[in-house]
Amino acid sequence: MLRRLWQKPLWRSDKCYRRFIWTLRRQTPYYPYGTLIRSLIFGKQPSRRHTRYMPHFSSEDLSILSNYCNDIKELAFEFTRKDVFLQRDSIKTFLKKCTNLTRLEFTIGESLVDSSWMQGMLQPVREGKLSNLRYLAFYSILFNEPMYSSIITDLAQGCPKIISFETQWKIQADTLKMIMNSFPNLQSISCGILERGGLEILVNKGGRLRKLELGHVHDEITQDMAGRFPILKELTIHKAPKEFAMFAENWTIQQTMMTFIDLDCRNFKLDELCTIMRNCTKLESITLRGCNGLKAGMLASVAMECSDRLKYLTIFNYFYLSDNELVELSDRCRNLKRFAVWGTAKFTQEGYRYLVKNSVNLVTFCGNFKELTTRHILSSIIERGQSNIQVFKTGSRFRLYGRGKLHEVVYVPEPSMVNDDHKLTASILVDFARAAPCLRKLRLDYFLKDLDGKDVVSAIHQLKNLEKLAFSPSFSISQENLSDLDSHPRLKKNLPTRYLVSAPGKVILFGEHAVVYGTPAIAGSVNLRTYLFTEKREDGILEAYVPDIGLDQPVKWNTELFPYSKVVNDKKEEFNEELAESLRSLAEIESDKPAIVRQQQSAACLALLYLFTLLSNRFPETKRGLTIHVRSALPVGAGLGSSASYSVCLTTGLLLNFEYISLTSGSQGAELINKYSFLAEKIIHGNPSGIDNAVATFGGAVLYKKGSMEPLKGLRPFRFLLTNTKVARDTKTQVANVRIKFDKYPGIIKSILDAIQNISDHFKTVLINEDNNITQDTMLEDLIDLNHYLVNSLGVGHSTLDRVREITAQFGLHSKLTGAGGGGCALTFIRDGVPRATIEAVKKSLSLQGFECFETLVGGHGAGALNTNDTMTAQEFMEVGLEWYDGIDSWRYFA
Ligand SMILES: Nc1ncnc2c1ncn2[C@@H]1O[C@H](COP(=O)(O)OP(=O)(O)OP(=O)(O)O)[C@@H](O)[C@H]1O
Ligand SMILES: C[C@@](O)(CCO)CC(=O)[O-]
């Protein structure tokens, strides 16, 4: 056990890493831990989660490691952030001692290191100190840089035994030639794109290749290459050249060693696939994605050609396949171990039933089956009894990660279909547990809304071998139910204790204020966002750090004092005036700040307390503790929806922490976030239309009408300049002032609102019907002017906003107020072709007036979140520059 632990040390936190170094330092001849280490990763630690921890390695640590570890076989270095990396010379000294190294992996951020740095570091390699190296991997670098030629030459000189080369980047033909010449023993190559001329080089020089993975290959394949192609065991092509199908016939004749293929070839025909299967007599694993030329009969042919040979089958998006193909598959392929079908297929429950009942050797069964189909599949497993199934994954969504692309298919149940007969029940789960005693992994990615939490948990307890479980949490499963899972012998409940959440601000193009009265408005998200960090605590305290609104000190509450009795459990989604009232005094902020500031702070706190009380009451009292930190790139109270962005962050953070949604809840999660954030908006705004929180939740550009929302798909990425006049105002007062006018002059105001409605309608019609960008731009400018004057006449204008209009007009640009008006921000449209110099000049003139400008595109991601258990502390969250968060690529967006 000890040996295994030390073989490949992984560190989940700083504490864990420091402890490791500490132990190493104090090792004795009786406990030579260092000699047990075989693999080290100097970078983010691998994890199935979305965020990964990166220890702070120091040169001193490296010298300790090189003193004590004398049998390292695998090393990975990550140079992606300059601030966290090690000295070149310490790595050099370290490498010198790694004489048994067989695998070396670099993940290098572009432009972070230069050629002389790399060459210096690799000196021991050049000197032949790493002569046992066999596997080489380079990630995140561009291969057309001359710098890498010198690295490859260095490595080739010192490591003649290299047999595998991996990168995810484009390889130019010349670079490939150099790689093949440098490493004559290469057996495996994996790269992102193979540039023109590359295939020919592989054919000429890849005589020893056995494993080939290519992201995309240029259309240069020729029949002549077929006979000369290396004899492979494994082939993966993520986007095959056009002629690949024809080529296949001649090529496969000699592919007698091939066991595994993964193909993504649009033009592939059934004949060619059959040829591959017939000729490659050892083929046992087939993955087919997007081979649209393979029409009906494809699976039946696979079954016929491969029969008992086929063990692993994965198919993506084959709409035309029907049940009789599943029958053929299960009748002929008696050794099938894995069946996975993702995306669309015409298979019905009958087909799946047949497959499950007949395929006795199935160990893995996956797909994005609908709930009803899942119910039937489970029933078949139950009817058959004694199943060998170890992995069962199904759900309403699936994600497929290819090379740099992400497909997501979400199944949305039709309301009429969701009746009791279609749902999974806890008793089905219990019976399933009995029928599939070997089950290790289970994913049921539905909102199992109406199941009794207790029954579900007791069903899960029956699955004694279960190691991994995923299902979308629902109201019926309480925290107590979930805690009961802790006693499961193998299942580890591993929910995040820290989340990072973010949501965008918004800009209203047309229809602010009018939208409160039910007319449509057009809005989109902007690339300025609010970020919220949450961390669970066990002491029943809620602590909030909200510096953007002038709260310099954290605010703390004892959550025992919250009025939970006022929460009406089955009406949580409706605004509860009584609950808000009873929290008002707790949310009051006492300080020497002006009353207006204190009022805004109290509103922000009240929104937090309201949502916290509402959502935390399903947890036991001791578990109702949380620390939150909020930071925003949005100016507060400037018309860019800072309050909605804040409300959406709060809601998302709380829904995640109190397990109403999970990081994978997707659009169903987004619906919930939108509903609850509207309640927070009500607290801050009084009478919001809901447009701001809808945009902050769903992102993109929308046509919003109270209660309904239509995404404006295909909207051009219009460019805007936002100018914050820095005149403070609050939305609540502006909306209330318009209401007073409306009540006083209903007829007049109604016709202004109608005119505003026409603007939004006109904008949408022109977008749909007019293809000419110049005409679209001119229309947009006209509508901006019209809308500005119309909202001005509602009394929400301001002299500074007019000043912005005047200044931008001098440069031929059109502006309007945006959001609640009365100060705040103006929106200036930058039509296509406006030179950069003009934009800079406008910005300069506006800043001379004391205004602040931001350039923005409209429409981007809505609310997103990630698990930061292993990657970030609260302190780091507050210290890092906000732009850093946008660079994180593991955000999970809900919509
Ligand atoms: N970063 C933040 N931290 C805490 N509270 C915030 C934050 N941003 C906004 N708020 C809350 O929202 C209020 C500002 O809302 P207000 O609606 O007046 O402005 P806005 O949302 O920026 O503009 P608009 O609604 O016109 O788009 C603040 O007074 C505060 O209560
Ligand atoms: C002024 C308003 O129309 C937009 C505020 O961003 C108010 C609302 O819709 O809630």
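Keep in mind that what you see is a predicted model, and the values were worked out from it rather than measured.

## Quick look at the overall build of the protein chain
Phase 1: Within the protein chain, the regular secondary structure consists of 31 helices and 32 strands.
Phase 2: By residue count, 55% of the 895 residues in the protein chain fall in the buried class.
Phase 3: A separation threshold of at least 6 residues defines the contact pool for the protein chain, and within that pool the share at least 24 residues apart is 75%.
Phase 4: For the protein chain, the exposed surface amounts to about 37,400 Å²; the carbon and sulfur share of it is 50%.

## Some details on the confidence of the model for the protein chain
Phase 1: Put simply, the protein chain has an average pLDDT of 86, and 91% of its residues get 70 or more.
Phase 2: Considering only residues more than four positions removed or in separate chains, one finds that residues 398-418, a stretch of pLDDT under 50, has 44 contacts.

## So, helix α3 (residues 59-68)
Phase 1: Along α3, the residues that are buried comprise D61, L62, I64, L65 and S66.
Phase 2: The inward-facing, buried residues of α3 contact α2 (14-25), β1 (39-42) and α4 (88-97).

## Looking at the nonpolar core
Phase 1: L75, F244, F339, F365 and F392 are the most contacted members of the largest nonpolar core, which has 146 residues in total.
Phase 2: When residues of this core are assigned to their parent elements, the largest contribution, six residues, is made by helix α17 (residues 426-435).
Phase 3: Taken together, domain 1 (1-162) and domain 2 (363-492) each give at least three residues to this core, which thus spans both.
Phase 4: In this structure, L75 is in contact with L40, F42, F94, L95, C98, L101, R103, L104 and E105, ignoring residues within four places of it in sequence.
Phase 5: Counting residues in hydrophobic clusters, the runner-up holds 58 residues, among them V501, L655, Y660 and L663.

## Describing the site of ligand 2
Phase 1: Taken together, 14 residues lie around ligand 2, and K506, H513, P688, S689 and D692 are the ones closest in.
Phase 2: Measuring from an oxygen atom of ligand 2, one finds a backbone N or O atom of H513 at 2.9 Å.
Phase 3: D692 places a polar side-chain atom, nitrogen or oxygen, 2.7 Å from an oxygen atom of ligand 2.
Phase 4: For ligand 2, the accessible surface in isolation is 300 Å², of which the surrounding protein chains cover 98%.
Phase 5: Sorting the residues of the shell around ligand 2 by element identifies β20 (498-510), α24 (691-698) and α25 (731-744) as the ones contributing at least two each.
Phase 6: Each residue belonging to the shell around ligand 2 can be placed in one class, and the counts come to seven nonpolar, four polar and three charged.

## Quick look at the site of ligand 1
Phase 1: Around ligand 1, the surrounding shell holds 23 residues, and the nearest of these are K506, S642, H685, R729 and T731.
Phase 2: Here D548 contributes a side-chain N or O atom positioned 3.2 Å from a nitrogen atom of ligand 1.
Phase 3: Alone, ligand 1 offers 630 Å² of accessible surface; in the complex the protein occludes 97% of this.
Phase 4: Contributing elements (two or more residues each) for the shell around ligand 1: α21 (595-616), α22 (642-657) and α23 (666-685).
Phase 5: The dominant element in the shell around ligand 1, judged by the number of residues it contributes, is α22, at three residues.
Phase 6: A breakdown of the residues in the shell around ligand 1 according to their chemical character gives nine nonpolar, nine polar and five charged.

## Considering the environment of D539
Phase 1: By the secondary structure assignment, D539 is in the loop between β21 (521-537) and β22 (541-545).
Phase 2: A polar contact of 2.8 Å, which involves the side chain of D539, links it to the side chain of R537.
Phase 3: At 3.2 Å, the side chain of D539 and the backbone nitrogen of I541 are in polar contact.

## A look at the environment of E577
Phase 1: Structurally, E577 is set in helix α20 (residues 577-587).
Phase 2: Sequence separation of E577 and K566 is 11 residues, and the distance between their C-alpha atoms is 9.7 Å.

## A look at unusual backbone geometry
Phase 1: In this model, E659 sits at a positive phi of 60 degrees, which is unusual for a non-glycine residue.
Phase 2: One can find E659 in the loop between α22 and α23.
Phase 3: Despite not being glycine, K726 shows a phi value in the positive range, around 65 degrees.
Phase 4: Looking at the element boundaries, K726 is found in the loop between β27 (719-724) and α25.
Phase 5: On the basis of relative accessibility, which here comes to 52%, the residue K726 falls in the exposed class.

## A few points about the sheet that holds β27
Phase 1: With respect to topology, four strands assemble into an open sheet ordered β28-β29-β27-β30, the strand pairing being antiparallel. Since the sheet does not close on itself, it has two edges, and those belong to β28 (814-817) and β30 (852-857), each with one partner. Sheet twist, expressed as the average angle between the axes of neighbouring strands with direction ignored, equals 25 degrees.
Phase 2: Across six bridges, the pairing between β27 and β30 is antiparallel. Directly across from N724, in β30, lies its bridge partner E852.
Phase 3: Its contacts with the sheet place helix α28 (residues 799-810) against β27, β28 and β29 (825-830), and it is angled at close to 20 degrees to β29.

## Points about the packing of α21 against α22
For any two helices packed against each other, one specifies the inter-axial angle together with the distance between the axes.
Phase 1: α22 packs onto α21 with a crossing angle of 25 degrees between their chain directions and a minimal axis gap of 10 Å. With respect to their mutual orientation, α21 and α22 come out roughly parallel. As α21 runs across α22, the sense of the crossing is right-handed. The segment α21 lies against α22, with A604, C605, A607, L608, L611, F612 and L615 engaging Y646, L650, T651, L654 and L655.
Phase 2: Across the contact of α21 with α22, the residue classes break down as 11 nonpolar, one polar and no charged.

## Structural notes on the packing of aromatic side chains
The relative placement of two aromatic rings is captured by the distance of their centres and the angle of their planes.
Phase 1: Tallied over the entire structure, the rule returns 37 aromatic pairs.
Phase 2: Taking the centre distance of 5.7 Å and the plane angle of 70 degrees together, the rings of F229 and F247 count as edge-to-face. Of this pair, F229 sits in the loop between α10 (223-228) and β9 (234-237) while F247 sits in helix α11 (residues 244-252); the two residues are 18 residues apart in sequence, bridging distant segments of the chain.
Phase 3: For F247, a relative accessible area of 1% corresponds to the buried category.
Phase 4: One Lys or Arg, R19, reaches over the ring of W22 and ends 5.0 Å from the middle of that ring.
Phase 5: Sitting over the ring of F877, R631 keeps its end group 6.0 Å from the ring centre.

## Digging into the pattern of salt bridges
A side chain of one charge can pair with a side chain of the opposite charge when the charged atoms of the two come close.
Phase 1: A complete count under the given rule lists 38 salt bridges for this structure.
Phase 2: Between R103 and E105 there is a salt bridge, with its nearest N and O atoms 2.8 Å apart.
Phase 3: Among the ionic pairs, K593 bridges to D552, the shortest N-O distance being 3.4 Å. Here D552 lies in the loop between β22 and β23 (555-558) and K593 lies in the loop between α20 and α21, a separation of 41 residues in the sequence.

## Considerations on the pairing of β22
Phase 1: The element β22 is largely enclosed, with a buried count of four among its five residues.
Phase 2: Where β22 meets β23, four bridges bridge the pair, whose relative direction is antiparallel. Residue E543 lies in a different strand from β23, and its bridge partner there is K556.
Phase 3: One ladder, built from four bridges, connects β22 with strand β24 (residues 625-632); its direction is parallel. Opposite L542, over in β24, you have L626 as the bridge partner.

## Quick word on the pairing of strand β11 (residues 285-289)
Phase 1: Burial analysis of β11 places five of its five residues in the buried class, which makes it a mostly covered element.
Phase 2: Neither face of β11 is exposed, since S285, T287 and R289 on one face and I286 and L288 on the opposite face are all buried.
Phase 3: Examined bridge by bridge, strand β10 (residues 260-263) and β11 share four bridges and lie parallel to one another. Bridge pairing in β11 links L263 to L288.
Phase 4: Tracing the backbone out of β10, into helix α12 (residues 270-279) and back to the parallel element β11 gives a crossover that is right-handed.
Phase 5: Handedness of the β-α-β unit built from β11, helix α13 (residues 298-306) and strand β12 (residues 312-318) comes out right-handed.

Parameters at a glance
- Residues numbered from 1 in each chain as written.
- Chains lettered and ligands numbered in written order.
- Predicted model: local features only at pLDDT ≥ 70, side-chain atom pairs only at ≥ 80, totals over all residues.
- Heavy atoms only, no water.
- Helix = DSSP H or I, 4+ residues; strand = E, 2+ residues; numbered from the N terminus.
- Buried < 20%, exposed > 50% of the residue type's maximum accessible area, 1.4 Å probe, protein only.
- Contact = heavy atoms within 4.5 Å.
- Areas by Shrake-Rupley, 256 points an atom, 1.4 Å probe, with all protein chains shown as cover.
- pLDDT = per-residue confidence, 0-100.
- Core = buried A, V, L, I, M, F, W, Y, C linked by side-chain atoms within 4.5 Å.
- Domains from an automatic or database assignment.
- Near = heavy atom within 4 Å.
- Polar contact = N/O pair within 3.5 Å; in protein donor to acceptor, adjacent residues only side chain to side chain.
- Nonpolar A, V, L, I, M, F, W, Y, C, P; charged D, E, K, R; others polar.
- Pairing = 2+ DSSP bridges.
- Axes fitted to C-alpha atoms, helices over the stretch in contact; angles between N-to-C directions.
- Parallel < 35°, antiparallel > 145°, perpendicular 65-115°, else oblique.
- Left-handed = near helix turned anticlockwise from the far one by under 90°.
- Phe/Tyr/Trp six-rings, centres within 6.5 Å; stacked < 30°, edge-to-face > 60°.
- Lys NZ or Arg CZ within 6 Å of the ring centre and 35° of its normal.
- Salt bridge = Lys/Arg side-chain N within 4 Å of Asp/Glu carboxyl O.
- Right-handed = clockwise from strand over helix to strand, strands pointing away.

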